[in-house]
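# Tertiary structure, described
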Amino acid sequence: MKRVCLILFVLLMTTRFVESQENITYQVPPAEILELVDIERAPSVNMDSKGEQMLFFYRNTFKTLSDLNQPEVRLAGLRINPDANISSTITYFNNIRYKKTTDKEIRQIEGLPSEPLIANVLFSPDETKLAFTNTVENGVELWIVDLKTLQAKRVTDAVVNANAGFPYSWFGGGTGLLVRILPEDRAGLIDIQKALPEGPIVSVSDGQISQNRTYQDLLKNPVDETNFERLMTSELYKIGLDGSKTQWKGAGMYIGQSFSPDGKYLLLTTLSRPFSYTVPYYNFPNVAEIYTAEGDFLMKFNEQPLLDNLPIGFMATQQGKRNIYWRADKPSTLYWVEALDKGDPGVEVDFRDEVFELDAPFTGTPRSLVKTIHRYAGITWGNNQYAVLHDRWWNTRNQKMYVFNPSDNKQEPRVLVDRNYQNVYEDPGYPQTTKNALGTYTLKMDGNSIYFFGDGFTAEGQFPFIDELDLKTLKKKRIYQSAYTDKVEELVTFVDSKKGTVITRIESPREYPNYYIRNIRSKSAPEPLTAFENPFKSIENVHKQVISYKRDDGVELSGTLYLPVGYDRDKKEKLPMIMWAYPTEYKDRSSAGQTTANPNSFTYLSYGNPVYWVTRGYAILDDAAFPIVGEGDEQPNDTFVKQLVANAKAAIDAVDALGYIDRERVAVGGHSYGAFMTANLLTHSDLFAAGIARSGAYNRSLTPFGFQAEERSYWIASETYNAMSPFMHADKMKTPLLLTHGESDNNSGTHTMQSERYFQALKSFGAPVRLVILPKESHGYAARENVLHLLWEQDRWLEKYVKNKGKNESEE
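The model shown is predicted, which means the values in this text are computed figures rather than measured ones.

### Regarding the overall build of the protein
For the protein, the count of helices and strands is 11 helices and 49 strands. The C-alpha radius of gyration computed for the protein amounts to 28 Å, which stays within 12% of the reference 28 Å derived for 812 residues, consistent with globular compactness. Oriented by its inertia axes, the alpha-carbon framework of the protein measures out at about 80 × 75 × 60 Å. Counting all 812 residues of the protein, 56% fall into the buried class. Long-range pairs, those at least 24 residues apart, make up 58% of the contacts in the protein with a sequence separation of at least 6. Total accessible area on the protein is roughly 35,700 Å²; 48% of this is exposed by carbon and sulfur atoms.

### Comments concerning the packing of aromatic side chains
One pass over the structure, following the stated rule, counts 40 aromatic pairs. Both rings, one in Tyr567 and one in Tyr660, keep their centres 5.8 Å apart while their planes meet at 90°; by these two values the pair is edge-to-face. With Tyr567 in the loop between β41 (556-563) and β42 (575-581) and Tyr660 in the loop between α6 (640-657) and β46 (661-671), this pair connects stretches of sequence that are 93 residues apart. Accessibility assignment for this pair places Tyr567 and Tyr660 in one class, buried. Put simply, the rings of Phe56, Tyr512, Phe532, Phe536, Phe602 and Tyr604 touch in pairs and so form one group of aromatic residues. Over the ring of Phe465 we find Arg478, and its NZ or CZ is 3.9 Å from the ring centre. Over the face of the ring belonging to Phe707 we find Arg700, whose NZ or CZ atom lies 4.2 Å from the ring centre.

### Section: the pairing of strand β37 (residues 501-507)
It is a general feature of regular strands that their side chains alternate between the two faces of the sheet. Taken across its 7 residues, β37 has 6 buried, putting it largely inside the fold. Note: strand β36 (residues 488-496) against β37, 7 bridges, orientation antiparallel. Bridging from a neighbouring strand, Glu490 pairs with Arg505 of β37. Between β36 and β37, which follow one another and run antiparallel, lie 4 residues, and Gly500 among them has a positive phi close to 85°. Where β37 lies against strand β38 (residues 514-519), 6 bridges are found, and the strand directions are antiparallel. The residue of β38 that forms the bridge with Val502 is Arg518.

### Comments concerning unusual backbone geometry
A cis geometry characterises the amide bond from Arg273 onward to Pro274, with omega recorded as 5°. Mapped onto the secondary structure, Pro274 falls in the loop between β17 (265-271) and β18 (286-292). Positive phi is not limited to glycine here, since Glu127 has a value of about 60°. Residue Asp217 is not a glycine yet carries a positive backbone phi of 60°. Structurally, the position occupied by Asp217 is in the loop between β13 (176-181) and α4 (222-232).

### Brief notes about the sheet that holds strand β9 (residues 129-136)
As summarised here, the arrangement of the 4 strands in space is β8-β9-β10-β11, forming an open sheet in which the pairing is antiparallel. Each end of this open sheet is capped by a strand with a single partner; those strands are β8 (118-123) and β11 (151-154). Each strand of the sheet is rotated relative to its neighbour by a mean of 25°, with strand direction disregarded. Of the strand pairs in this sheet, β8 and β9 are connected by 4 bridges, and their pairing is antiparallel. Opposite Phe123, over in β9, you have Leu130 as the bridge partner.

### Details of helix α9 (residues 752-764)
Here α9 spans 19 Å end to end across 13 residues, near enough to the 18 Å set by a 1.5 Å rise per residue. Residues of α9 that are buried include every one of Thr752, Gln754, Ser755, Tyr758, Phe759, Gln760, Ala761, Leu762 and Ser764, and no others. One or two positions beyond α9, positive phi appears at Gly766, with a value near 80°.

### Some points on α6
Spacing of three or four residues puts side chains on the same side of an α-helix, whose turn is 3.6 residues. With 18 residues, α6 extends 26 Å from end C-alpha to end C-alpha; this agrees with the ideal 26 Å at 1.5 Å per step. For α6, the complete set of buried residues consists of Phe640, Val641, Gln643, Leu644, Ala646, Asn647, Ala648, Ala650, Ala651, Ile652, Ala654 and Val655. Where α6 ends, the next residue or the one after it, Gly659, has phi of about 85°, a positive value.

### Some points on the pairing of strand β21 (residues 333-339)
With 6 of 7 residues buried, β21 is to be regarded as a mostly interior element. When strand β20 (residues 321-326) meets β21, the two strands line up antiparallel, connected through 4 bridges. Each bridged residue has a counterpart across the sheet, and for Arg322 the counterpart in β21 is Val337. The antiparallel pairing of β20 with β21 creates a hairpin that spans 6 residues between the two strands. Taken together, the 7 bridges between β21 and strand β22 (residues 353-359) define a ladder with antiparallel strand orientation. Bridge pairing in β22 places Val337 opposite Val355.

### Remarks on the side chain of Asn423
Here Asn423 shows up in the loop between β27 (414-420) and β28 (430-431). Note on Asn423: relative accessible area 11%, which makes it buried. A polar contact of 2.7 Å, which involves the side chain of Asn423, links it to the side chain of Gln594. Residues contacting Asn423, with those up to four places away along its chain left out, are Ser591 and Gln594.

### Section: the pattern of salt bridges
This structure, assessed with the given rule, holds 35 salt bridges. A salt bridge links Asp353 to Arg322; the shortest N-O distance between them is 2.7 Å. Of this pair, Asp353 sits in strand β22 while Arg322 sits in strand β20, and the two are 31 residues apart along the sequence. Taken as a pair, Asp353 and Arg322 share a single burial class, namely buried.

### Observations concerning a nonpolar patch on the surface
Taken together, the side chains of Leu340, Phe351 and Ile373 define a hydrophobic patch exposed on the protein surface, amounting to about 220 Å² of accessible area. Mapped onto the fold, Ile373 is located in the loop between β23 (367-372) and β24 (375-381).

### Some remarks on the sheet that holds strand β19 (residues 297-304)
A sheet is described by the order of its strands in space; here 4 strands give the open sequence β16-β17-β18-β19, paired in antiparallel fashion. Looking at which strands have only one partner, the edges of the open sheet turn out to be β16 (254-259) and β19. Direction aside, the axes of adjacent strands within the sheet are offset by 20° on average. As judged from the 7 bridges shared by β17 and β18, these two strands associate in the antiparallel manner. Residue pairing for β18: Leu268 is matched across the bridge by Glu289.

### Considerations on the environment of Thr233
With respect to the secondary-structure elements, Thr233 resides in the loop between α4 and β14 (234-240). Among the residues examined, Thr233 registers a relative accessible area of 16% and is labelled buried. Between the C-alpha atoms of Thr233 and Tyr281, which are 48 residues apart in sequence, the distance is 13 Å. Leave out the neighbours within four places in its chain, and Thr233 touches Asn161, Pro183, Ala251, Gly252 and Met253.

### A closer look at the nonpolar core
Grouped burial of nonpolar side chains is what soluble globular proteins tend to show. Core analysis: the biggest nonpolar cluster contains 61 residues, and Leu621 and Phe688 have the highest contact counts within it. Here this core gets 9 residues from one element, more than from any other, and that element is α6. Counting 47 residues, the second largest nonpolar core, distinct from the first, contains Met54, Ile539, Leu738 and Leu791.

The rules we used
Residues numbered from 1 in each chain as written. Predicted model: local features only at pLDDT ≥ 70, side-chain atom pairs only at ≥ 80, totals over all residues. Heavy atoms only, no water. Helix = DSSP H or I, 4+ residues; strand = E, 2+ residues; numbered from the N terminus. Rg over C-alpha atoms; globule rule 2.2 N^0.38 Å. Buried < 20%, exposed > 50% of the residue type's maximum accessible area, 1.4 Å probe, protein only. Contact = heavy atoms within 4.5 Å. Areas by Shrake-Rupley, 256 points an atom, 1.4 Å probe, with all protein chains shown as cover. Phe/Tyr/Trp six-rings, centres within 6.5 Å; stacked < 30°, edge-to-face > 60°. Lys NZ or Arg CZ within 6 Å of the ring centre and 35° of its normal. Pairing = 2+ DSSP bridges. Axes fitted to C-alpha atoms, helices over the stretch in contact; angles between N-to-C directions. Expected span 1.5 Å × (residues − 1). Polar contact = N/O pair within 3.5 Å; in protein donor to acceptor, adjacent residues only side chain to side chain. Salt bridge = Lys/Arg side-chain N within 4 Å of Asp/Glu carboxyl O. Patch = residues over 30% accessible without salt bridge, like charges linked within 9 Å, V, L, I, M, F, W, Y side chains within 5 Å. Core = buried A, V, L, I, M, F, W, Y, C linked by side-chain atoms within 4.5 Å.

Right, here's the structure in full:
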């Protein structure tokens, strides 16, 4: 503790003298990187439930600074553009195209807005129409596309309120939409800079334990409360397909609305006061009410209190009703979950949760359906005889999957899966669903059989599969397994399970992921449905391989190694190397040693990817395995630093043993928790020539109630928190470190202040460090100007301190 206090004292005494800025305009990276950044992004693809229609959504590769430079208020965990009444961080599409799955031609949807900013897209219940929102300067409009004529039309003015998220729902049968509309008499926002306070801001603890994580963008004062309520308040209107408008319900802070599968009832969730300055809006009090589809009030179904004092632990939850939804296989039945342990994972009980249901008209006694051993994690409904139940327990990484009879709670659920969910080699996949006659998704069943699509990771490689499971006998058989050893196949959906037709997505290191239809019962080649081209031609001939190696304690590790185009692996010129990684916590060594890396996957580049530098003469070890293991009663983080260094040394040793690198010229980098890893490695080892740490947290005392996979508080595990915090060891760090951070980081725990304070600490001790704050950016970086400058900064840092390390030292 004396050591920590000394560092803080030195920092406070020297901060005033160490500030220095470099005036610089936006720069761009070298040409070989720039050509890989300025690419045309392939569209994302969405399909209807039958696999008969394909929608193609296009967007720009990057936003611009102008896009980010919009009005913004930050309230209760939300970032909102108050002029447009939609999230200020949303990513828009700018075009939609369409084709029948079996057609060759992709057709343009006509009549779209002139400069579209498309979001919140949803098929109608019969999938003959498509709704979406379009954002204009002064608000959000609602549009509808007729998928038979491919014509789009606007059905509301810019009056939609999307501040609370998805702002509409289709009525049953697709006859219209229930839409959140701004009240015409809504008052404007109060200017916090001009408003005079009426008194101090007072928070009170009444003696209850309340340990919440470090959230961003919380309410801070009464003005924030008023502005938040005004932004969240809507009226509900029924909007006809012809644009007609009928008020359905008056003003309220509506945050959730869902029609029953038969369309006769609506479950409506409304926020209420009191608000909180310590948790986001989704923990505020809310009321769930049931209405008829015509808008008649039936009953108040549930009241959720303010959730700011939950028990300690990741498996903690609220008491009372939670996870309230409609049963997908019944016309109008609500189901929900209630904790049997008071929501406290520290309470020992045989069953943690119980699931109940209640049929319309919701006046009878709720019926118990099933109890879960661990915390409830979802139900996939089938019919009155079969449903699949999931539960999980974070502390042991255990996951169970059961089949149970919803009509007979006296029958014991039968266990289908009981596994460590981090054990990817034993992942059974997930049950497939299909749209039923009610328009909701239920288990895809042929008689008593259901189907599982699995990723198929094994120690020998990745071989995705389809399993058929008989729910009566619980006998399983594999009906398809991908045989590719030079490509990767992703199973998307059944077209017809009886005929064996499946839509898949296939890719290779040189082939961009494209969609195909194949018959799993024949040996014929799959038929292509799309033809997206590889936009990264200049790196299609890089050498790519997954290497396996061991840590000094025997834990199996792996990483994906890239070598420059034309590199002679026989001559073995010694290259500089960049290692990029992200630590993951495990409770067993076996799972920690498994890999999901596939050398046959397409090499897709994004701003966060280090593979750009393969064009600059570097070897790249991407996604290097950095497991942090704590078996039994041991907690992974109690030996975090030791395991980090062991992981890094093993990786460098492995590539060095291949003869490809100069181990004196190795850089390490990462984003978020990977940045935290990077700072620790530079502090506690001499393995690296330099580091790049983006948007990280470096002082864990600023996240005192847990972070990442650490659920203990600072006061329970202060030694671990301090040992893991690079800030507390700033006097040790002497390796060149490039710190970058978004000016407006919105991620819990990674406040921009983390990088600013760490930079000050490092500079006060004379460490070679550079801090780059990217204007307007959040936790991830979006604006083209900032991304290009980031890549330029990283390139300069790597060239100076890694590639030319020896030259720099000789010149000095």
